[in-house]
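Structural features, examined
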Amino acid sequence: MSNESSAHAATPLDAPTIGLPKDKELVLKVIPMPADCNANGDIFGGWVMAQVDLAGSVVPARYVDGRMATVAVNQFVFKQPVRVGDILSFFSSLTRIGNTSITVQVEVYAERFRSQGRYIKVTEASLTYVAIDDFGKPRKIVKPDAVQVLAAQDTM
Ligand SMILES: CC(C)(COP(=O)(O)OP(=O)(O)OC[C@H]1O[C@@H](n2cnc3c(N)ncnc32)[C@H](O)[C@@H]1OP(=O)(O)O)[C@@H](O)C(=O)NCCC(=O)NCCS
């Protein structure tokens, strides 16, 4: 057995590898560490949720121009376990912009330890962020023209 094939045998893939999304922006990359594990030895779901919340805030921050808060996690799916040493890539896109809120879709892809360059989707989520004022109350978002077009398309 060659060195190449034995290295491959040592890194079985648990799901088919897929291409990365072309319609979303890479907003975060992070590698989970042993301190982030649950009792099974996989990465704790709450840690993944925290990273998704951070990643999801990147695109809204460009439109909110000030303070914002996460108001809702509309949907959250853990499709595959996340493991220590995975390289996680978080992709995000704007799905709705309202009067005071912005909703984004986040997808997380893992490159397994010793299978770098091959991607597995591990998580997807939808989150809504609200622009808030100094008193923590919802604040109107000023929509650039391009965003207004997107918002109009969203209601069709
Ligand atoms: C965010 C917050 C200021 C919103 O206040 P509110 O009085 O509920 O505001 P409103 O009901 O006027 O809703 C504000 C926007 O949020 C949206 N929203 C409210 N609840 C929502 C929900 N469950 N799902 C999706 N969007 C929601 C509304 O549709 C509205 O959007 P729009 O103006 O674009 O149409 C308030 O709920 C809050 O402070 N929440 C705690 C936030 C926080 O601490 N986040 C961190 C969690 S650890």
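Refer to the structure presented above.
Model, not experiment: these values are computed from the prediction. (Residues numbered from 1 in each chain as written. Predicted model: local features only at pLDDT ≥ 70, side-chain atom pairs only at ≥ 80, totals over all residues.)

On to the overall build of the protein, then. Within the protein, the regular secondary structure consists of three helices and five strands. From first element to last, N terminus to C terminus, the protein shows the α and β order α-β-α-β-β-β-β-α. In the protein, which comprises 156 residues, the proportion classed as buried is 25%. Long-range pairs, those at least 24 residues apart, make up 74% of the contacts in the protein with a sequence separation of at least 6. (Helix = DSSP H or I, 4+ residues; strand = E, 2+ residues; numbered from the N terminus. Buried ≥ 20, exposed ≤ 12 C-beta atoms within 10 Å, placed from the backbone. Contact = placed C-beta atoms within 7 Å.)

The next subject is the pairing of strand 5 (residues 120–131). Bridge count for strand 2 (residues 68–78) against strand 5 is nine bridges, and the pairing is antiparallel. Paired with Ala72 across the bridge in strand 5 is Thr128. Where strand 4 (residues 101–111) meets strand 5, ten bridges bridge the pair, whose relative direction is antiparallel. Along strand 5, the bridge assignment pairs Thr103 with Thr128. (Pairing = 2+ DSSP bridges.)

Looking now at unusual backbone geometry. Located in the positive-phi region is Asp65, a residue other than glycine, with phi close to 55 degrees. Asp65 gets classed as exposed once you count the C-beta atoms within 10 Å, which come to 11. Phi at Arg114 takes a positive value of approximately 70 degrees, unusual for a residue other than glycine. Secondary-structure assignment places Arg114 in the loop between strand 4 and strand 5.

Our focus in this paragraph is the site of the ligand. Around the ligand sit 13 residues in total, of which Ala72, Gly98, Asn99, Thr100 and Ser101 are the nearest. Elements represented by at least two residues in the shell around the ligand include exactly strand 2 and strand 5. Looking at the shell around the ligand residue by residue, the class counts come to six nonpolar, seven polar and no charged. (Near = placed C-beta within 6 Å. Nonpolar A, V, L, I, M, F, W, Y, C, P; charged D, E, K, R; others polar.)

Formed by 26 residues in total, the largest nonpolar core has its most connected members in Val52, Val82, Phe90, Val106, Val108, Ala110 and Val122. The set of elements that each furnish at least two residues to this core consists of helix 2 (45–64), strand 3 (87–97), strand 4 and strand 5. In terms of residue count, the dominant contributor to this core is strand 5 (seven residues). Leaving out residues up to four positions away in the same chain, Ala110 has contacts with Val82, Asp86, Leu88, Ile120 and Val122. (Core = buried A, V, L, I, M, F, W, Y, C linked by C-beta atoms within 7 Å.)

So, on to helix 2. The end-to-end C-alpha distance of helix 2 is 28 Å, a good match for the 28 Å that 20 residues give at a rise of 1.5 Å each. The largest bend in helix 2 comes to about 40 degrees, at Val58, with the proline Pro60 one to four residues further on. Among all positions in helix 2, only Val48, Gln51, Val52, Ala55, Gly56, Ser57, Val59, Pro60 and Val64 are buried. (Expected span 1.5 Å × (residues − 1). Bend = angle between axes of the 7 residues up to and from the residue.)

We now examine the sheet that holds strand 2. With respect to topology, five strands assemble into an open sheet ordered 1-3-4-5-2, the strand pairing being antiparallel. The sheet terminates laterally at strand 1 (25–30) and strand 2, the two strands that pair on one side only. Averaged over all pairs of adjacent strands, the angle between strand axes in this sheet comes to 25 degrees, irrespective of strand direction. (Axes fitted to C-alpha atoms, helices over the stretch in contact; angles between N-to-C directions.)

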